[in-house]
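Spelled out, the chains give:
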Amino acid sequence: MVPYSLCIAVLFCTLAWADECAWDRDVDFSENPPIIFDESFEIVRPVLEDNYRMVRVTAGSKLILDCPGTNITSLAVTTVEATCDGGRNLWIDDKTWEMKDLGCTAEAAATIRRNTGSCGSEDIGVIHIIGFEILGPESFYELVIHDEARQQAVAVVGVNNPHLTTAPTRLCDDLCDRLTWINFDISDLVHGFTYCCTVDDLRQAVPHVPDLGDVELLTE
């Protein structure tokens, strides 16, 4: 009876493990991890569980791994589609890969377009556009508006994805209702979902956002 019980226990654990892919952000990823998007082109982010930053997706989920401005080292491509194969494995082009083997050759780089225009009262603000250029139907950008004279700034994030049916997860707390100059429907999924944050708050999620120091929120 003992061997039979052990077999049942092992089988149960195997089935439970295969229900999802789970990675420890600080252990199972390479030094320069790719940006991971789900099928809706939302960024897949770690969730704090006790003291572990865990990334979890359901088995069979389709993912996009992207290394903006660089390549996935083992595959020599910038972007690749993958499927969660259970445990710590991803299925790519008829081959199983571990997440630690799918790192970028260098840190994923955001595209920064500086001084793209003026804004604010009497055009005293300067517009910088920051975002990741990814392959897919989504346009994802961050717009940093900085009024250098008044030391005020705000970050506006836009997501334009024709496949969205619900609002995407925000990278930071939305403050659009405090901006008097926002005069369009920020929840419009068809023309582009928008939200607004302090520059520092967005920078916590997207390190490539410029550090503007101690600035107040640009509300008007």
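Just above sits the structure.
Residues numbered from 1 in each chain as written. Predicted model: local features only at pLDDT ≥ 70, side-chain atom pairs only at ≥ 80, totals over all residues. Heavy atoms only, no water.

Participant: Would you take a moment to explain the side chain of Thr83 for this structure?
Facilitator: Along the chain, Thr83 falls in strand β6 (residues 79-84). Residue Thr83 is classed as buried on the basis of its relative accessible area of 17%. Among residues more than four places away in sequence, those in contact with Thr83 are Gly60, Ser61, Lys62, Asn89, Leu90 and Trp91. (Helix = DSSP H or I, 4+ residues; strand = E, 2+ residues; numbered from the N terminus. Buried < 20%, exposed > 50% of the residue type's maximum accessible area, 1.4 Å probe, protein only. Contact = heavy atoms within 4.5 Å.)

Participant: I tried to follow the packing of aromatic side chains on my own but got confused; where do I start?
Facilitator: In this description, an aromatic ring pair is defined by two values, namely the gap between the centres and the angle between the planes. On inspection of all chains with the given rule, the structure shows 2 aromatic pairs. Here Phe193 and Tyr195 contribute two aromatic rings whose centre-to-centre distance is 6.1 Å and whose plane-to-plane angle is 50 degrees, an arrangement assigned as tilted. Under the relative-accessibility criterion, Phe193 is labelled buried at 3%. Among the residues examined, Tyr195 registers a relative accessible area of 1% and is labelled buried. Stacked on the ring of Phe29, the Lys or Arg Arg25 has its end atom at 5.4 Å from the ring centre. (Phe/Tyr/Trp six-rings, centres within 6.5 Å; stacked < 30°, edge-to-face > 60°. Lys NZ or Arg CZ within 6 Å of the ring centre and 35° of its normal.)

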